[in-house]
Amino acid sequence: MSNLEVKTTEKGDTYSVALNGSMDEFMNLPILDVKNFKSVIFDFGQVDSINSAGISKWLIWIKDCVRVNPSFAEKLEIIKLPMVIVQQINMIAGFLPEGAKVSSFFVPYFCDATEEVSNRLLKCPDNFSISEPGAAPTFNIPSDIESEDGVNFEIDVDLTNYCEFLTELQTCESSVD
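1. Comments concerning the overall build of the protein chain
- Assigned secondary structure in the protein chain consists of four helices and 11 strands.
- Relative to the globule expectation of 16 Å for 177 residues, the C-alpha radius of gyration of the protein chain, 17 Å, shows essentially globular dimensions.
- The principal-axis extents of the C-alpha atoms in the protein chain amount to approximately 50 × 40 × 30 Å.
- Split into buried and exposed, the 177 residues of the protein chain put 45% on the buried side.
- Within the protein chain, contacts between residues at least 6 apart in sequence are counted, and of these 68% link residues at least 24 apart.
- Total accessible area on the protein chain is roughly 9,600 Å²; 46% of this is exposed by carbon and sulfur atoms.
- Averaging the positions of the 12 positive and the 28 negative side-chain charges in the protein chain gives two centres separated by 13 Å.

Right, here's the structure in full:
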C-alpha cells in the first residue's frame, strides 16, 4: 500500500494536485486528462521522500500525461518543491517535462549552535527570477536568517548548484500565492 496521498481539486480553469507522503514503488498516480484546464498546479510541499522505484514511476507517469495531453508541460506549474525533489530534478533529465514552470521551492538553512534545520520557501518573483531560458537565476534572499528566539541560521547549500534546475526553466511566473 502506498504512503503517498494524492488530493486533486478543480477550481475554475485550474486543476490542482497535492502530494503528501513518500513517492515509492507503491504510489499510484492517475493519468490526468486536463485538456479542459488552462493550468495544472502540482504541490510537492508535503512530500518527505522518494526512492528509485518512485522516480521510475514518476518518469513513466510524466511521459503518459504528456502523451494524453500534448500541452500538459506548458500548463504545469510546480510549487513547494522540497529538497529531496530538488535533488532529483538536478540529477535526472526529464524529471520535469520541458516547458513546466517552478514557482516555489524550499531552501534549507542550518543553525550551528542548535544543529537545527529550517526550510524556507522561495517564491517567484519575490525571491528569484529567470530573465531568459538557460540564464542563471537572480536571487533576492538573505544568506542568513534569525529565528523568533534570536537563533541565527545560514543557507545550508551551495545555492548555484542547488538551484541548477532553474536554468532549464522557461519561466517562473506564478499563478499561486
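2. Let's talk about the environment of V86
- Assignment of secondary structure puts V86 in helix α3 (residues 83–91).
- The exposure class assigned to V86 is buried, which follows from its relative accessible area of 0%.
- For the pair V86 and K35, spaced 51 residues apart in the sequence, the C-alpha separation amounts to 27 Å.
- Those residues in contact with V86, other than ones at most four positions away along the chain, are L81, F105, Y162 and F165.

3. Points about the layout of surface pockets
- A volume near 310 Å³ is recorded for the largest pocket.
- Looking at the lining of the largest pocket residue by residue, the class counts come to nine nonpolar, five polar and three charged.

4. Focus: the side chain of S104
- Topologically, S104 is positioned in strand β6 (residues 104–111).
- Its relative accessible area of 6% is what places S104 among the buried residues.
- Of note is the side chain of S104, whose polar atom sits 2.8 Å from the backbone nitrogen of K80.
- Not counting chain neighbours up to four residues away, the residues in contact with S104 comprise I78, I79, K80, L81, L121, L122, K123 and F128.

The rules behind these values
Residues numbered from 1 in each chain as written. Predicted model: local features only at pLDDT ≥ 70, side-chain atom pairs only at ≥ 80, totals over all residues. Heavy atoms only, no water. Helix = DSSP H or I, 4+ residues; strand = E, 2+ residues; numbered from the N terminus. Rg over C-alpha atoms; globule rule 2.2 N^0.38 Å. Buried < 20%, exposed > 50% of the residue type's maximum accessible area, 1.4 Å probe, protein only. Contact = heavy atoms within 4.5 Å. Areas by Shrake-Rupley, 256 points an atom, 1.4 Å probe, with all protein chains shown as cover. Lys, Arg positive; Asp, Glu negative; His and termini not counted. Charge placed at Lys NZ, Arg CZ, Asp CG, Glu CD. 1 Å grid on protein atoms, 1.4 Å probe; cavity = no way out; pocket = protein on both sides within 12 Å on 5 of 7 lines; lining within 4 Å. Points joined across faces, edges and corners; volume = space filled by probe spheres on them. Nonpolar A, V, L, I, M, F, W, Y, C, P; charged D, E, K, R; others polar. Polar contact = N/O pair within 3.5 Å; in protein donor to acceptor, adjacent residues only side chain to side chain.

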